[in-house]
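# Results of the structural survey
One letter stands for each residue in the lines below.
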Amino acid sequence: MHPRDRGPYSNDEVARAIRERGGDISKAYIAYLRNGKRSNPTMHHIEALAAFFGVKPAYFFDDEVAEEVDSMLVRMVSLRNAGLRLEEWEALRDSGVTRIAARANGLSPKGLLAAVEILNQLRALEGLPLEENTDGG
């Protein structure tokens, strides 16, 4: 995953960051790995790349680990695109809000409006303030 508002890390950025951490890798070697001209990196290189990208070394050769990490990255990108930080999403998940949102997924606009009305009634019953409708619906 790369920082918001920019593309993937360049080979030079990755190599420089790894060297700054005491590793030994060149931007050319990273390019060879990316384009398939090299396919058997040393464990030293695997560990350095894993540390840079924040994954376990197994990510590069264990399909289960790779699928798990890739799935997590897709969720993180979705959160980032929605303007949420991971901590905010975890708080929503822990409070049960994401479960409600998941159940609402796929409802028609009419169904969503009914769900909002029900939630408003529940908030009123529990003495919680009603939130203003900010989506124009």
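Residues numbered from 1 in each chain as written. Predicted model: local features only at pLDDT ≥ 70, side-chain atom pairs only at ≥ 80, totals over all residues. Heavy atoms only, no water.

The residue Phe53 is located in helix α3 (residues 43-53) in this model. For the pair formed by Phe53 and Val14, sequence separation is 39 residues and the distance between their alpha carbons is 8.9 Å. When sequence neighbours within four positions are dropped, the list of residues in contact with Phe53 reads Tyr9, Val14 and Arg34. (Helix = DSSP H or I, 4+ residues; strand = E, 2+ residues; numbered from the N terminus. Contact = heavy atoms within 4.5 Å.)

With that settled, consider the confidence of the model for the protein chain. Summing up the model confidence of the protein chain, the mean pLDDT is 85 and the portion of residues at 70 or higher is 93%. Mean pLDDT across the secondary structure elements of the protein chain bottoms out at helix α5 (residues 86-94), with 77, and peaks at helix α1 (residues 11-20), with 96. (pLDDT = per-residue confidence, 0-100.)

Here the focus is the environment of His44. Relative to the assigned elements, His44 resides in helix α3. In the structure, His44 is positioned 13 residues away from Pro57 in sequence and 9.9 Å away in space, judged by C-alpha atoms. Apart from residues no more than four positions distant in its own chain, His44 is found in contact with Gly23 and Asp24.

Contact pair α1 / helix α2 (residues 27-35): the axes reach a minimum separation of 8 Å and the direction vectors enclose 125°. In terms of their interaxial angle, α1 and α2 are classed as oblique. Note that α1 runs across α2; the crossing there is right-handed. Across the interface between the two elements, Asn11, Asp12, Val14 and Ala15 of α1 pack against Lys27, Ile30, Ala31 and Arg34 of α2. Here the residues of the contact of α1 with α2 sort into four nonpolar, one polar and three charged. (Axes fitted to C-alpha atoms, helices over the stretch in contact; angles between N-to-C directions. Parallel < 35°, antiparallel > 145°, perpendicular 65-115°, else oblique. Left-handed = near helix turned anticlockwise from the far one by under 90°. Nonpolar A, V, L, I, M, F, W, Y, C, P; charged D, E, K, R; others polar.)

Under the defined criterion, the tally for this structure stands at four aromatic pairs. A centroid spacing of 5.0 Å and a plane angle of 75° characterise the contact between Tyr9 and Phe52, whose relative ring orientation is edge-to-face. Here Phe52 lies in helix α3 and Tyr9 lies in the segment before α1, a separation of 43 residues in the sequence. Classification of Phe52 by relative accessible area gives buried; the value is 14%. Plain terms: the ring middles of Phe52 and Phe53 are 4.7 Å apart, the flat faces sit at 90° to each other, and that makes the pair edge-to-face. The ring of Tyr9 carries Arg6 above its face, with NZ or CZ at 4.9 Å from the centroid. Here the basic side chain of Arg38 rests over the ring of Tyr32, its NZ or CZ set 4.6 Å away from the ring centre. (Phe/Tyr/Trp six-rings, centres within 6.5 Å; stacked < 30°, edge-to-face > 60°. Buried < 20%, exposed > 50% of the residue type's maximum accessible area, 1.4 Å probe, protein only. Lys NZ or Arg CZ within 6 Å of the ring centre and 35° of its normal.)

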